[in-house]
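Observations on the model geometry
Listed below are the residues making up each chain.
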Amino acid sequence: MPEVIFSGPAGRLEGRYQAPKKKGAPIAIVLHPHPQFGGTMNNQIVYNLFYTFANRGFAALRFNFRGVGRSQGAFDHGSGELSDAAAALDWVQSVNPEAKSCWIAGVSFGSWIGMQLLMRRPEIEGFISIAAMANRYDFTFLAPCPSSGLFVHGSEDRVAPAREVIPVIEKVKTQKGVIIEHQMVEGANHFFDGKVDELTQTVDTYLDKRLGAKPEGA
């Protein structure tokens, strides 16, 4: 899993990239939680999501937003981080020019950034949104949501209670041709402490349904 450095709007961005074995493989980008509350690309959920996609043959990238780790720049309250995510997608597409589709996955703050990127990039055909903070960030821009995907929450999340995001999800569900699923991981808090394996299995099951079972040997 090579370390990569690529250009972002505020300077260099640091990432980890897993190249696909086959040309034309889809792209997956995983976005980490809030930079000012310890969020990095090495977050346990981000790490697991990254390998969930890599093991399915995706061209997978996780990276640090501006001002985190060795990424240059400073926290920009979401606007700059969205530009970073767009630059990350541009970079993966530049090294995978045959890729025709992309998935975006985000955790907490990263979920909010990922869903905004989804609205701007038509090649994104699926999403995984973990612990979306609909109580702190405005998700009303998802009207209509252009792609189907999965929201996952912990039943014991006190930072972003599931009851805050369910009305958002229900609103999106009404859009024609888009199927939004919502899964709960019982007993999990916002950080899925002790429940990351259950979370990963939930995501895997959803991807099996959307993409088919993992390749042999994965």
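Report on the accompanying structure.

The rules we used
Residues numbered from 1 in each chain as written. Predicted model: local features only at pLDDT ≥ 70, side-chain atom pairs only at ≥ 80, totals over all residues. Heavy atoms only, no water. Helix = DSSP H or I, 4+ residues; strand = E, 2+ residues; numbered from the N terminus. Rg over C-alpha atoms; globule rule 2.2 N^0.38 Å. Buried < 20%, exposed > 50% of the residue type's maximum accessible area, 1.4 Å probe, protein only. Contact = heavy atoms within 4.5 Å. Areas by Shrake-Rupley, 256 points an atom, 1.4 Å probe, with all protein chains shown as cover. Lys, Arg positive; Asp, Glu negative; His and termini not counted. Charge placed at Lys NZ, Arg CZ, Asp CG, Glu CD. Phe/Tyr/Trp six-rings, centres within 6.5 Å; stacked < 30°, edge-to-face > 60°. Expected span 1.5 Å × (residues − 1). Pairing = 2+ DSSP bridges. Axes fitted to C-alpha atoms, helices over the stretch in contact; angles between N-to-C directions.

So, on to the overall build of the protein. In terms of helices and strands, the protein carries five helices and eight strands. Starting at the N terminus and walking to the C terminus, you meet the elements of the protein as β-β-β-α-β-α-β-α-β-β-α-β-α. The C-alpha radius of gyration of the protein comes to 16 Å, within 12% of the 17 Å expected for a compact globule of 218 residues. Along the three orthogonal principal directions, the C-alpha set of the protein runs to about 40 × 40 × 35 Å. Relative to its 218 residues, the protein shows a buried fraction of 54%. By sequence separation, contacts in the protein at least 24 residues apart represent 69% of the contacts at least 6 residues apart. A total accessible area of about 9700 Å² is found for the protein, and carbon and sulfur atoms account for 49% of it. Across the protein, the mean location of the 22 positive side-chain charges is 4 Å away from that of the 22 negative side-chain charges.

With that out of the way, let us pick up the packing of aromatic side chains. Under the definition given, this model contains 16 aromatic pairs. With centroids separated by 5.9 Å and ring planes inclined at 25°, the aromatic side chains of F139 and F141 adopt a geometry described as stacked. In this structure F139 comes out as buried when scored by relative accessible area, which is 4%. Counting every residue linked through ring pairs, the aromatic cluster contains F6, Y17, F63, F65, F75, W91, F109, W112 and Y137.

An ideal rise of 1.5 Å per residue puts 16 Å on 12 residues; helix α3 (residues 109-120) measures up with 18 Å between its terminal C-alpha atoms. Most of α3 sits inside the fold, with 10 of its 12 residues counted as buried. For α3, every residue scored as buried is listed here: F109, G110, S111, W112, I113, G114, M115, Q116, L117 and L118.

With that out of the way, let us pick up the sheet that holds strand β2 (residues 11-18). Taken in spatial order, the eight strands line up as β1-β2-β4-β3-β5-β6-β7-β8 in an open sheet, and their pairing is mixed. Looking along the sheet, the strands with just one partner apiece sit at the ends: β1 (3-8) and β8 (180-185). Each neighbouring strand pair of the sheet contributes to a mean axis angle of 20°, computed without reference to strand direction. Sheet topology note: the strand β5 (residues 102-107)/strand β6 (residues 124-130) ladder contains six bridges and is parallel. What sits directly across from V107, in β6, is I130. Contacts from helix α4 (residues 162-173) reach β7 (148-154) and β8 within the one sheet, and its direction differs from that of β8 by about 160°.

Structurally, H34 is set in the loop between β3 (27-31) and α1 (44-54). The class for H34 is buried, based on a relative accessible area of 11%. Not counting residues up to four positions away in its chain, the partners in contact with H34 are G39, F75, F109 and Y137.

Note that every value here comes from positions in space, so none of it alone points to a role or purpose.
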